[in-house]
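Remarks on the overall topology
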Amino acid sequence: MDARITKQRLANQLSYDWMKIIAAAIGVIFLFLVIFTTIATSPTNAQCFTVYAYTDLKSGEDANLIADTLKTTKTLSYETLKVEFEAFGGNDYANEAFTARRAAGQGDVMFISDNEILNEDGTLKTASALKTFCVNYAGVGRDTEEFFAECEEYLNGFFGDWRTGDLDEEKAKQAFLIRNEKDKRFKRDAQIQAGIESEFARLNDLRDDLRFVYDCFERGLFSHTYFTPEGETTAQAVAIRVGGTGMSGLSRLLYHLNEDGTAASNTINLIVFDNKDRNGEMEYETVTFLRYLAETYENVQA
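Presented here is a report on the structure given in the accompanying data block. (Residues numbered from 1 in each chain as written. Predicted model: local features only at pLDDT ≥ 70, side-chain atom pairs only at ≥ 80, totals over all residues. Heavy atoms only, no water.)

**Considering the overall build of the protein**
Looking only at helices and strands, the protein has nine helices and 11 strands in total. Looking at the protein as a whole, 40% of its 302 residues qualify as buried. Intrachain contacts of the protein at a sequence separation of at least 6 include 73% that bridge at least 24 residues. Split by element, the accessible area of the protein, about 17,000 Å² in all, is 53% carbon and sulfur. (Helix = DSSP H or I, 4+ residues; strand = E, 2+ residues; numbered from the N terminus. Buried < 20%, exposed > 50% of the residue type's maximum accessible area, 1.4 Å probe, protein only. Contact = heavy atoms within 4.5 Å. Areas by Shrake-Rupley, 256 points an atom, 1.4 Å probe, with all protein chains shown as cover.)

This is the structure we're talking about:
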């Protein structure tokens, strides 16, 4: 039997060993991926905060950064595990994409302009994207006045009087335990206790955010935008105007083009999607997002 070690045999053996090493490494990596996927917390729809921009809005320098900014600065509560931003252009594909997203229950808020184009005689030439949206997607957005009233009612359940009351920590604890019963982040006693403390902070922060946002309305920084559906006689608050006086800095995030080609953000509104069934308590992250907009873009140069 020829058992001599030759260069060819040595090369073949080393090549075979390297193949085994590579295969073993791939197997270990795959195993770790399976384990990580199994034990990691997959965000639910309620734990994702998704911001859309619709039709004629253009992206400013901050648009591609907003999702990462909200996440890295922990602007939203500990319950928001994923933040996304998506802009829909004014074409058929964009409308189809938006319809598909909403059919899947995706999206929390959407920026949209109320920029109407008039003829020289003052008659309407082109209806605004917001008004057109209200006609084509009736019922998709929330009545924003009702949204804030429900937020007050939600906070009253924990504070008695949301403006002046003290947090009922036992109620907050029980709400946390029910909502996060199956959440993999909270399995050990120490994790659960830390989560309860985070819940106390979330509710207190939400109350502060609501106060702040109401002050923005009182100062005229924000306002409700109304629309009367065809055949109706009562106007509904269909959006929040966030691009009004004092918010010119919003152009750094999004802007629309006037008929003369100049950029502006004064008619930009925020639609709040009707996600009560899927978001539950987490739908009020929008209040915190509104505070972020005011603190970031009020009296800021575009």
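Once the structure has been displayed, the description carries forward.
**Thoughts on the nonpolar core**
Formed by 52 residues in total, the largest nonpolar core has its most connected members in F111, F148, F222, V242, F289, L290 and L293. Taken together, the elements giving at least two residues each to this core come down to β1 (48-54), α2 (66-72), β4 (109-113), α5 (144-159), α6 (169-179), α7 (189-218), β11 (268-272) and α9 (285-297). Each residue touching L290, except ones within four places of it in the same chain, is listed here: F148, V213, F222, I240, V242 and L270. (Core = buried A, V, L, I, M, F, W, Y, C linked by side-chain atoms within 4.5 Å.)

**Examining the layout of surface pockets**
When its volume is computed, the second largest pocket comes out at roughly 230 Å³. Along the wall of the second largest pocket there are 16 residues; nearest its centre are A138, G139, G141, Q236 and V238. Counting residues per element, the ones that place at least two in the lining of the second largest pocket are α4 (129-136) and β8 (236-241). Counted by class, the lining of the second largest pocket contains 11 nonpolar, three polar and two charged residues. (1 Å grid on protein atoms, 1.4 Å probe; cavity = no way out; pocket = protein on both sides within 12 Å on 5 of 7 lines; lining within 4 Å. Points joined across faces, edges and corners; volume = space filled by probe spheres on them. Nonpolar A, V, L, I, M, F, W, Y, C, P; charged D, E, K, R; others polar.)

**A short note on the packing of aromatic side chains**
Under the definition given, this model contains 23 aromatic pairs. These aromatic residues form a ring-pair network of at least three members: F147, F148, Y154, F158, W162, Y214, F217, F222 and Y284. Above the ring of F273, the side-chain terminus of R102 is found at 4.3 Å from the ring centroid. (Phe/Tyr/Trp six-rings, centres within 6.5 Å; stacked < 30°, edge-to-face > 60°. Lys NZ or Arg CZ within 6 Å of the ring centre and 35° of its normal.)

**A few points about the environment of V238**
Among the secondary structure elements, V238 is positioned in strand β8. Accessibility expressed as a relative area gives 12% for V238, which makes it buried. The spatial distance from the C-alpha of V238 to the C-alpha of K131 is 9.4 Å, given a sequence separation of 107 residues. If we skip the residues at most four places from it in the chain, V238 touches C134, R142, T144, T225, Y226, F227 and I271.

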